[in-house]
Amino acid sequence: PEATLAQRLVRAKQKIRDAGIPYAVPADGDLPERLGSVLSVLYLVFNEGYSATSADSLVRRDLCIEAIRLGRLLVQLMPDEPEARGLLALMLLHDSRRETRVDASGGLVLLEDQERRRWDHQQIREGIEVLEAALRRHRPGPYQLQAAIGAVHAEAALAADTDWRQIAALYQRLAALVPSLVVELNWAVAVAMTDGPERGLALIAPLADRLDSYQPFQAARADFLRRLGRSTEAAAAYERAIVLTTNAAESAFLRRRLAALKISPSGPSRALSLPTRTVEPET
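Conventions we followed
Residues numbered from 1 in each chain as written. Predicted model: local features only at pLDDT ≥ 70, side-chain atom pairs only at ≥ 80, totals over all residues. Heavy atoms only, no water. Helix = DSSP H or I, 4+ residues; strand = E, 2+ residues; numbered from the N terminus. Rg over C-alpha atoms; globule rule 2.2 N^0.38 Å. Polar contact = N/O pair within 3.5 Å; in protein donor to acceptor, adjacent residues only side chain to side chain. Expected span 1.5 Å × (residues − 1). Buried < 20%, exposed > 50% of the residue type's maximum accessible area, 1.4 Å probe, protein only. Contact = heavy atoms within 4.5 Å. Arc of directions from axis to C-beta. Axes fitted to C-alpha atoms, helices over the stretch in contact; angles between N-to-C directions. Left-handed = near helix turned anticlockwise from the far one by under 90°. Nonpolar A, V, L, I, M, F, W, Y, C, P; charged D, E, K, R; others polar. Salt bridge = Lys/Arg side-chain N within 4 Å of Asp/Glu carboxyl O. Parallel < 35°, antiparallel > 145°, perpendicular 65-115°, else oblique. Phe/Tyr/Trp six-rings, centres within 6.5 Å; stacked < 30°, edge-to-face > 60°. Lys NZ or Arg CZ within 6 Å of the ring centre and 35° of its normal.

Caption draft 1: Structural view of the overall build of the protein. The secondary structure content of the protein amounts to twelve helices and zero strands. Counting from the amino terminus, the protein carries its helices and strands in the arrangement α-α-α-α-α-α-α-α-α-α-α-α. Taking 283 residues into account, the globule formula puts the C-alpha radius of gyration at 19 Å, and the protein, at 20 Å, falls close to it. Here the C-alpha coordinates of the protein stretch approximately 70 × 45 × 40 Å along the principal axes.

Caption draft 2: Molecular detail of the environment of Asp103. Along the chain, Asp103 turns up in the loop between α4 (82–95) and α5 (121–135). With 120 residues separating them along the chain, Asp103 and Asp223 place their C-alpha atoms 21 Å apart. A distance of 2.9 Å separates a polar atom in the side chain of Asp103 from a polar atom in the side chain of Ser105. A distance of 2.6 Å separates a polar atom in the side chain of Asp103 from the backbone nitrogen of Gly107.

Caption draft 3: Highlighting helix α6 (residues 142–154). With 13 residues, α6 extends 18 Å between its outermost C-alpha atoms, agreeing within 8% with the 18 Å of an ideal straight helix rising 1.5 Å per residue. By the criterion of burial, α6 is predominantly enclosed, with twelve of the 13 residues buried. For α6, every residue scored as buried is listed here: Tyr143, Gln144, Leu145, Gln146, Ala147, Ala148, Ile149, Gly150, Ala151, Val152, His153 and Ala154. On the buried face of α6, the contacting elements are α2 (31–50), α4, α5 and α7 (164–177).

Caption draft 4: Up close: helix α9 (residues 197–204). If you check which residues of α9 are buried, you get Pro197, Gly200, Leu201, Leu203 and Ile204. Buried residues in α9, looked at end-on, bunch into an arc of 165 degrees, giving them a common side. Contacts made by the buried residues of α9 are with α8 (181–195) and α10 (215–227).

Caption draft 5: Just the packing of α5 against α6, in detail. Direction vectors running N to C along α5 and α6 enclose 145 degrees, while the axes themselves pass 10 Å from each other. In this structure, the crossing between α5 and α6 has a hand that is left-handed. Residues Ile124, Ile128, Leu131, Ala134 and Leu135 of α5 pack against Gln144, Ala147, Ala148, Ala151 and Ala154 of α6. Of the residues contributing to the contact of α5 with α6, the split by class is nine nonpolar, one polar and no charged.

Caption draft 6: Spotlight on the pattern of salt bridges. Tallied over the entire structure, the rule returns 14 salt bridges. Residues Asp95 and Arg98 are paired through a salt bridge, measuring 2.7 Å at the closest nitrogen-oxygen approach. Given the relative accessible area of 13%, Arg98 is considered buried. Arg230 is the salt-bridge partner of Glu233, the closest N and O atoms lying 2.8 Å from each other. Relative accessible area serves as the criterion here: at 33%, Glu233 is assigned to the partly exposed category. Here Arg230 falls in the partly exposed class, since its relative accessible area comes to 35%. Here the salt bridges share partners, and the residues they tie into one network are Asp223, Arg226, Arg227 and Arg257.

Caption draft 7: Representation of the packing of α10 against helix α11 (residues 231–244). Closest axis-to-axis distance for the α10/α11 pair is 8 Å, and the angle between their directions is 160 degrees. On the basis of the axis angle, α10 is roughly antiparallel to α11. Of the two possible hands of crossing, α10 and α11 adopt the one that is left-handed. Between α10 and α11, the residues in contact are Gln215, Gln218, Ala219, Arg221, Ala222, Asp223, Leu225 and Arg226 and Glu233, Ala234, Ala237, Tyr238, Arg240, Ala241 and Leu244, respectively.

Caption draft 8: Just the packing of aromatic side chains, in detail. Under the counting rule described, the total for this entry stands at two aromatic pairs. Over the aromatic face of Trp119 sits the side chain of Arg97, whose NZ or CZ is 5.8 Å from the ring centroid. Its end group placed over the ring of Tyr50, Arg101 keeps NZ or CZ at 3.7 Å from the ring centre.

Caption draft 9: Examining the side chain of Glu83 more closely. Relative to the helices and strands, Glu83 resides in helix α4. With near-sequence residues (within four places) excluded, Glu83 lies in contact with Leu39, Gly141, Pro142, Tyr143 and Gln144.

Caption draft 10: Representation of the environment of Ala234. By the element assignment, Ala234 lies in helix α11. The buried category is assigned to Ala234, whose relative accessible area is 0%. Linking Ala234 and Ala222, residues twelve residues apart in sequence, is a C-alpha distance of 4.5 Å. Not counting chain neighbours up to four residues away, the residues in contact with Ala234 comprise Ala222, Leu225, Arg226 and Leu261.

So this is what it looks like as C-alpha cells:
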C-alpha cells in the first residue's frame, strides 16, 4: 500500500539523517554489487510505462523513453556487464511496438493483431544488435533471455510465423535461472500457442491457488476457456480479471471479450472466433 511505502521512505530518510550518512558516488569496484537493484528499478520504470497500472491510457510514453535513456547510460558506464545490455535490448524490442499497441481510440490491440509494418524496425535492429553483443560474453541472464523472447516476436513478419516452440524453450531456460510463477504462466501460454488451449489450461491449473489474484492469470485462463467453448466458465474468469484490472484500456478490452461471449440464461453459447490474448513476456 502507498501509505506503507511512504512510511518506509520517511524512516529511511530519518536513518540517513540521524546516522549522518553522506551522499557519495560509489567507486567502480562497488558498482557490480549494486547492478541488480539498478536493473530491477529500470525494468519497473519501463514496465509502468509499457503497461500502466492505473491510468486511462495503456502506455506512458515518457516512462518508456526515460527507462531506455537510463539503460543506454548504464551500458556506457558498465559496457562489460551483459545483463545491462540484455535489459536495454529487452526495452528496445518491446518499445518498438509502442505505437501499435493501441488503436485510434486508445483501445488495446493484441500482439498478434498489431500492424507489424508500423513497428519501429530501426529500433528492432538496434535491440537485436545489443542483445547479440551481450550474448557474445557467454554469461546468459534473465534479461538476456527475456530479450531473446522479444527478438523472436520481433523477427516474425506475420503473427502466424512466430516460433512459439522456441519461445517456450526460452521460458524454460528462464524458469531454471529465476523460478517464478509468472514465468511458468508465460511458458504455459507459449505451449498453448502450439499445443492448443486444452493443454494450456492443464498447465496453468496447478498455479490457480497462488495466482488467483494475478490479473494476467485470470485473463489467460478466460481465453483458454473461451477458445474451448466453455463460455460460462470463461465469463467467470473474465469477470475476475476485470475486478483485478486497474488500467482503463485493459478493463475495456476484457469487458468487450466478456460481452462477446453472449451468455444466455439457458446456457453457454458457442465461443466466438476472436483473437487470442497472450501473456507477453514483460511484466
